[in-house]
Amino acid sequence: MFRMSGGAAVALLLLTSAAQAGDPPTAFNQCKACHKVEAGKNAIGPSLFGIFGTKAGSVAGYQYSPAMKSSGLTWDDATLSKYLANPKDTVPGSKMAFAGLKKPEDVAAVIAYLKTLR
Ligand code: HEC
């Protein structure tokens with residue numbers, strides 16, 4: 001009879017999650033209230049499609065706050081880490097009504113997910 005060893009089961013799990021790398025992490029559920037990930041679909045917040053690497057405030061057709069428009073930020077690992085952990089202090093006056101992600105691992109998981117949106 002075939003019995004899977006613990007190691008094989010773990011390897012299988014890892015393979016399964018790698019195959020689903022495009023799926024959003026749990027922490028991203030909080031963002032979905034205001035953001036869509038499809039290109040060109042702005043909601044309460046701008047579409048997050050292709051957001052990584054862009055200049056803050058540059059999604060076409062979205063009405064940004066003056067604070068976001070003039071923030072001068074480019075969305076890379078450093079700026080997103082700060083912004084997602086603490087939106088209010090990173091872009092004072094931003095109209096993103098979100099307290100921030102408390103856990104660094106959630107911030108990292110969300111940024112990794114944003115990179116896949118292209
Ligand atoms: C309550 C609604 C709301 C929630 C929740 C929210 N956002 Fe936002 N987000 C906004 C709004 C509104 C803006 C535009 C801010 C402005 O113009 O000042 C924005 C802007 C952004 C920007 C800058 C976009 C750009 O084009 O420069 C990023 C990146 C972003 N949000 C990511 C996230 C992520 C990731 C989450 C979840 C961890 C999240 N937001 C949760 C409403 C929200």
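Residues numbered from 1 in each chain as written. Predicted model: local features only at pLDDT ≥ 70, side-chain atom pairs only at ≥ 80, totals over all residues. Heavy atoms only, no water.

## Observations concerning the site of the ligand
Inference 1: Around the ligand there are 27 residues in total, and C31, C34, H35, Y64 and M96 lie nearest to it.
Inference 2: Contact distances for the ligand include 2.4 Å between an oxygen atom and a side-chain N or O atom of Y64.
Inference 3: At a separation of 3.2 Å, an oxygen atom of the ligand approaches a polar side-chain atom of S94.
Inference 4: Elements represented by at least two residues in the shell around the ligand include exactly α2 (29–32) and α4 (77–85).
Inference 5: For the shell around the ligand, the leading source of residues is α4, giving three residues.
Inference 6: Across the shell around the ligand, the residue classes break down as 20 nonpolar, six polar and one charged. (Near = heavy atom within 4 Å. Polar contact = N/O pair within 3.5 Å; in protein donor to acceptor, adjacent residues only side chain to side chain. Helix = DSSP H or I, 4+ residues; strand = E, 2+ residues; numbered from the N terminus. Nonpolar A, V, L, I, M, F, W, Y, C, P; charged D, E, K, R; others polar.)

## Topic: helix α6 (residues 104–116)
A turn of α-helix holds 3.6 residues, and therefore any two residues three or four places apart point the same way.
Inference 1: Compared with an ideal rise of 1.5 Å per residue, which puts 13 residues at 18 Å, α6 spans 19 Å between its outermost C-alpha atoms and is within 8% of the ideal.
Inference 2: Buried within α6 we find V107, V110, I111, Y113 and L114. Down the axis, α6 shows its buried residues gathered within 160° of arc, on one side only.
Inference 3: On its buried side, α6 packs onto α4. (Expected span 1.5 Å × (residues − 1). Buried < 20%, exposed > 50% of the residue type's maximum accessible area, 1.4 Å probe, protein only. Arc of directions from axis to C-beta. Contact = heavy atoms within 4.5 Å.)

## Section: the packing of α4 against α6
Each pair of packed helices gets described by two things: the angle between the helix axes and the distance between those axes.
Inference 1: For the pair α4 and α6, interaxial distance at closest approach is 10 Å and the crossing angle is 125°. Between α4 and α6, the angle is such that the two are oblique. Crossing of α4 over α6 shows right-handed handedness. Mapping the contact onto sequence places D77, L80, S81, L84 and A85 in α4 and V107, V110, I111, L114 and K115 in α6.
Inference 2: Per-class residue counts for the contact of α4 with α6 are seven nonpolar, one polar and two charged. (Axes fitted to C-alpha atoms, helices over the stretch in contact; angles between N-to-C directions. Parallel < 35°, antiparallel > 145°, perpendicular 65-115°, else oblique. Left-handed = near helix turned anticlockwise from the far one by under 90°.)

## What about the coordination of the iron atom of the ligand?
Inference 1: Of the protein atoms, only H35 (NE2) and M96 (SD) coordinate the iron atom of the ligand, at distances of 1.9 to 2.1 Å.
Inference 2: Because the angles between the six donor atoms bound to the iron atom of the ligand fall within 83 to 180°, the donor set is best described as octahedral. Of this pair, H35 sits in the loop between α2 and α3 (66–69) while M96 sits in the loop between α5 (87–90) and α6, and the two are 61 residues apart along the sequence. There is no split in this pair, since H35 and M96 are both buried. (Donors = N, O, S within 2.8 Å, 3.2 Å for Na, K, Ca; no water. Tetrahedral: all angles 85-135°; square planar, octahedral: opposite > 155°, others 65-115°.)

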